[in-house]
Amino acid sequence: MAVFDLYSKRRRRERGDMSDVYTYDDMPEPLRVQILHIIGDAIGRPYFNGEHPAGEAYALIVKTLRSEYGTFQLAPQPLNMKSELFEFFLREKDVDRCLDVVELSMRVIERFVAEQYQYWGNVEDVTLTPADAVADLNTRLRESGVGYQYVSGDVVRVDSQVIHAEAVLPVLSLLRLAGFEGADAEFLEGHLQYRKGHFKQAIVSACKAFESTMKAICAEQNWTVDADASSRKLVNTVLSHGLLPQYMETQLGAVRTLLESGVATVRNKNGGHGDGSVPVDVPDWYARYALNLTATTMLFLLEAHQHLERG
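Below, the structure is looked at part by part. Computed from a predicted structure; not experimentally measured.

1. Brief notes about the nonpolar core
What tends to happen in soluble globular proteins is that the nonpolar side chains get buried as a cluster.
Line of reasoning, step 1. With 40 residues, the main nonpolar core has Ile35, Ile43, Leu65, Leu85, Phe89, Met106 and Leu137 as its most contacted residues.
Line of reasoning, step 2. Secondary structure elements with two or more residues in this core: helix 2 (29-43), helix 3 (53-69), helix 4 (81-91), helix 5 (95-120), helix 6 (130-143) and strand 1 (148-151).
Line of reasoning, step 3. Among the elements that take part in this core, helix 5 stands out by supplying ten residues, more than any other.
Line of reasoning, step 4. Excluding anything up to four places from it in sequence, Leu85 contacts Tyr58, Ile61, Val62, Leu65, Val101 and Ser105.
Line of reasoning, step 5. The next biggest cluster of nonpolar side chains, apart from the first, holds 32 residues, and it includes Leu175, Leu244, Ala295 and Met298.

2. What about the packing of helix 3 against helix 4?
Line of reasoning, step 1. Here helix 3 crosses helix 4 at 50°, and the two axes come no closer than 8 Å. With respect to their mutual orientation, helix 3 and helix 4 come out oblique. Of the two possible hands of crossing, helix 3 and helix 4 adopt the one that is left-handed. Across the interface between the two elements, Tyr58, Ala59, Ile61, Val62, Lys63, Leu65, Arg66 and Tyr69 of helix 3 pack against Met81, Lys82, Glu84, Leu85, Phe86 and Phe88 of helix 4.

3. Considerations on the packing of aromatic side chains
Line of reasoning, step 1. Taken as a whole and assessed by the stated rule, the structure comprises four aromatic pairs.
Line of reasoning, step 2. Summarising the aromatic geometry, the rings of Tyr58 and Phe86 are spaced 6.1 Å apart at their centres and angled 75° between planes, so their arrangement reads as edge-to-face. Of this pair, Tyr58 sits in helix 3 while Phe86 sits in helix 4; the two residues are 28 residues apart in sequence, bridging distant segments of the chain.
Line of reasoning, step 3. Here the guanidinium or amino end of Arg32 rests over the ring plane of Phe89, the centre of that ring lying 6.0 Å away.
Line of reasoning, step 4. Over the ring of Tyr69 we find Arg97, and its NZ or CZ is 3.9 Å from the ring centre.

4. Thoughts on the pairing of strand 1
Across a regular strand the side chains alternate sides, sitting on one face of the sheet and then on the other.
Line of reasoning, step 1. Residue alternation in strand 1 divides its side chains into two sets, Tyr148 and Tyr150 and Gln149 and Val151, and both sets are buried.
Line of reasoning, step 2. Direction of pairing for strand 1 relative to strand 2 (residues 154-157): antiparallel, over a ladder of four bridges. What sits directly across from Tyr150, in strand 2, is Val155.

5. Things to note about the pairing of strand 2
Line of reasoning, step 1. Residues Asp154 and Val156 line one face of strand 2 and the alternating positions Val155 and Arg157 line the opposite face, and both faces are buried.
Line of reasoning, step 2. Once strand 1 ends, the chain turns through two residues before running back antiparallel as strand 2, passing Ser152 with a positive phi of about 50°.

About the cut-offs
- Residues numbered from 1 in each chain as written.
- Predicted model: local features only at pLDDT ≥ 70, side-chain atom pairs only at ≥ 80, totals over all residues.
- Heavy atoms only, no water.
- Core = buried A, V, L, I, M, F, W, Y, C linked by side-chain atoms within 4.5 Å.
- Buried < 20%, exposed > 50% of the residue type's maximum accessible area, 1.4 Å probe, protein only.
- Helix = DSSP H or I, 4+ residues; strand = E, 2+ residues; numbered from the N terminus.
- Contact = heavy atoms within 4.5 Å.
- Axes fitted to C-alpha atoms, helices over the stretch in contact; angles between N-to-C directions.
- Parallel < 35°, antiparallel > 145°, perpendicular 65-115°, else oblique.
- Left-handed = near helix turned anticlockwise from the far one by under 90°.
- Phe/Tyr/Trp six-rings, centres within 6.5 Å; stacked < 30°, edge-to-face > 60°.
- Lys NZ or Arg CZ within 6 Å of the ring centre and 35° of its normal.
- Pairing = 2+ DSSP bridges.

Listed below in structure tokens is the structure:
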């Protein structure tokens, strides 16, 4: 029966038929153990004598975390850097710190480890490529119902698997194109602020990304626009230059309303100006709406830009 259950679970995972309901303030112990297996399989076994990329990788992760948290050790009396990292990850109650371990470890695996192992060749106990490690990590997070995914060097919060798959991932892929680096950084910053519960800052970052996307499109298309142009002027510029197909002329009014009073107004009313005498309380669902609306709108603009480029 256990074998059948495992097979059934694997088949559901392959189909993408996983739960779309997530938790954000708990990381179960079985998931932590699974993540440590992934890290260990991707980095390999450190040796106690001589230089070795596995030992250097664990040292890089541990020393970075020590510095970040202002401590000399992450765990009491560890045997080595690997055991210090693993013990810390298993004991730590702060989910944000656990996510720090995940994010930093995967960055090291994707960048430092991949580069070092090209030089060293085959390394004992390495059974996962960096790409497979990322894929396995995201699968384990999704299976456990923990609402985060590792995407392009950052851990981002996932509120809907559908929106994440159909809007967030595609827009991040397009923002990797040359000229859109600013919008990419601002969009990821919005997700980071949202993950940390800084909802007002998340809205501001999301709207900066929206504006930067339009400015980058204007630059790519050689459309003149002021460096400090407002969202309204940017929207007017991209639409007036035919970013959208002409057969959509009847829909332009609706699109303009969506872009101007959607993303832009969220910022003006809840994130872009001073609170005055009464602080503005931005709830998580409001910030989530802003991020999701920003993702779908930027994806729409970027795909229209690509269509225009192809002629």
